[in-house]
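# Observations on the model geometry
Chain by chain, the residues:
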Amino acid sequence: MNTLPQQLANGLFLGSMYGLIAIGYTMVYGIVQLINFAHGEIFMTGGFGALTVYAWLPSGTSMWIALPLILAGGAIVSVLVAVGAERFAYRPLRGAPRLAPLITAIGLSLALQQAVFNWYPDAKVDRVFPQLPFGPYHLGSVRIQSGDIFLVVAAIVCMTALALFVRTSRTGRAMQATAQDPDTAQLMGIDTNRIIVVAFAIGGLFAAVAGVAYGLKYGSVKYDMGFQAGLKAFTAAVLGGIGNIYGAMLGGVVLGIAEAMATAYIADIPGMQQLGGQGWASVWAFVLLILVLLLRPQGLLGERVADRA
């Protein structure tokens, strides 16, 4: 149990990343009831967009100068991919049966993976990501890496900015109205197509921040990193209450802590020695999801984005 503070911290850091990605799932679902299974790959393209910008910078560029530039590069790529997916893949199917956009999302996910795989040489190999020039730090027995600090600060800033945007801006209020009743919102003069594009763009922006945070935390990015991270983020969104922007972050943190704790301590339980370790982390994450859905099918918070904004 001496490692408990460290495991809780690890879970918080991991959960913050899941939460950032999960917001993209939950915002889109809250407005158009679409599960965008390509969102994990949008997160991945943000990481590679940031890496591409860093590769273009002059050798020896200070990371303090490079960081805002790679964040901007990752954000531009992710937002363009997210908005392009909405315009060319999902909008033509908006009136189709729900199975059609779901299959389209899966196909788009595979297409984005292969596009990055073919675009980057040696894509099967982890691409080394630049690191921040400070840390690690120790807070008691807890060791905190520079990438973890960036991740938590980014999650707090993004969530605060999103909450203010949804509550105080005209576009945010229009998003609430569209989420409650898109037909009535359109009759009241709201351009619902624009609002849906904004939701995809915000989701892409948050995914890009998560992609950069992933690279800073783990030191590399890979073309298939979006599949598992996206699946975990979708789990976090469902766990918190799909369609709830605050529930997405809460679900991510709960999932991250549960995964860290299960990885560290399940093997210490008598008779469970074979069920612990990192290889079982995903299994226990989905066990948690099943338990929550059995006990509370609507998720931890269980309200749509419009109800909580």
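As a reminder, the structure under discussion sits directly above these lines.
Quick look at the structure, then. The numbers attached to residues start from 1 for each chain and follow its sequence in the written order. For this predicted model, a pLDDT threshold of at least 70 governs which residues receive local features, and a threshold of 80 or more governs which side-chain atom pairs are given and counted, while totals over whole chains, interfaces and linings are taken from all residues. Side-chain descriptors were evaluated using all non-hydrogen atoms of the structure, hydrogens and water having been removed beforehand.

Working definition: helices are DSSP H or I runs of at least four residues, strands are E runs of at least two. Numbering for both runs from the N terminus. In terms of regular secondary structure, the chain is built from 12 helices and four strands. Radius of gyration means the value over C-alpha atoms here, while the globule rule gives 2.2 Å times the residue count to the 0.38 power. For 309 residues, the compact-globule estimate of 2.2 N^0.38 gives 19 Å, and the C-alpha radius of gyration of the chain, at 19 Å, lies within 12% of that figure. Reported as C-alpha extents along the three principal axes, the dimensions of the chain are approximately 60 × 55 × 35 Å.

A few words on the environment of A38. Tracing the chain through its elements places A38 in the loop between α1 (4–32) and α2 (39–56). Sequence separation between A38 and I106 is 68 residues; the distance between their C-alpha atoms is 6.2 Å. A contact between two residues is defined here by any heavy atoms of the two lying within 4.5 Å. Contact partners of A38, with chain neighbours within four places excluded, come to Y90, A105, L108, S109 and L112.

Here we take up helix α5 (residues 146–168). For α5, which comprises 23 residues, the first-to-last C-alpha distance of 33 Å matches the rise-based estimate of 33 Å (1.5 Å per residue) to within 8%. Of all the residues in α5, the buried ones are S146, G147, D148, F150, L151, A154, A155, C158, M159, L162, A163 and V166. Taken together, the buried residues of α5 touch α1, α3 (63–90), β3 (142–144), α6 (170–180), α8 (192–218) and α10 (245–265). One fewer than the residue count of a helix, multiplied by 1.5 Å, yields its expected span. Per-residue accessibility, obtained with a 1.4 Å probe over protein chains only, is compared with the maximum for each type, and a residue is labelled buried under 20%, exposed over 50%, and partly exposed between these values.

A few words now on the packing of aromatic side chains. In this scheme Phe, Tyr and Trp rings, the latter by its six-membered ring, pair at centre separations within 6.5 Å, and the angle between planes marks the pair as stacked below 30 degrees, edge-to-face above 60, and tilted otherwise. The tally for this structure, following the rule as stated, stands at eight aromatic pairs. The rule for a charge over a ring is simple: NZ of Lys or CZ of Arg within 6 Å of the ring centre, and within 35 degrees of the ring normal. Over the aromatic face of F88 sits the side chain of R87, whose NZ or CZ is 5.7 Å from the ring centroid. Positioned over the ring face of Y218 is K217, at 5.4 Å from the centre of the ring.

To count toward a patch, a residue needs a relative accessible area above 30% and no salt bridge. Like charges then connect within 9 Å, nonpolar side chains (Val, Leu, Ile, Met, Phe, Trp, Tyr) within 5 Å. Calculation of accessible area relied on Shrake-Rupley with a 1.4 Å probe; when residues are assessed, cover is drawn exclusively from the protein chains displayed. Only one rule defines a salt bridge in this text: a Lys or Arg side-chain nitrogen within 4 Å of an Asp or Glu carboxyl oxygen. The grouping of I290, L291, L294 and L295 at the surface amounts to a nonpolar patch, some 480 Å² of accessible area in total. Residue placement: L294 occurs in helix α11 (residues 281–295). Since its relative accessible area comes to 64%, L294 is described here as exposed.

In short, shape yes, function no, at least from these values alone.
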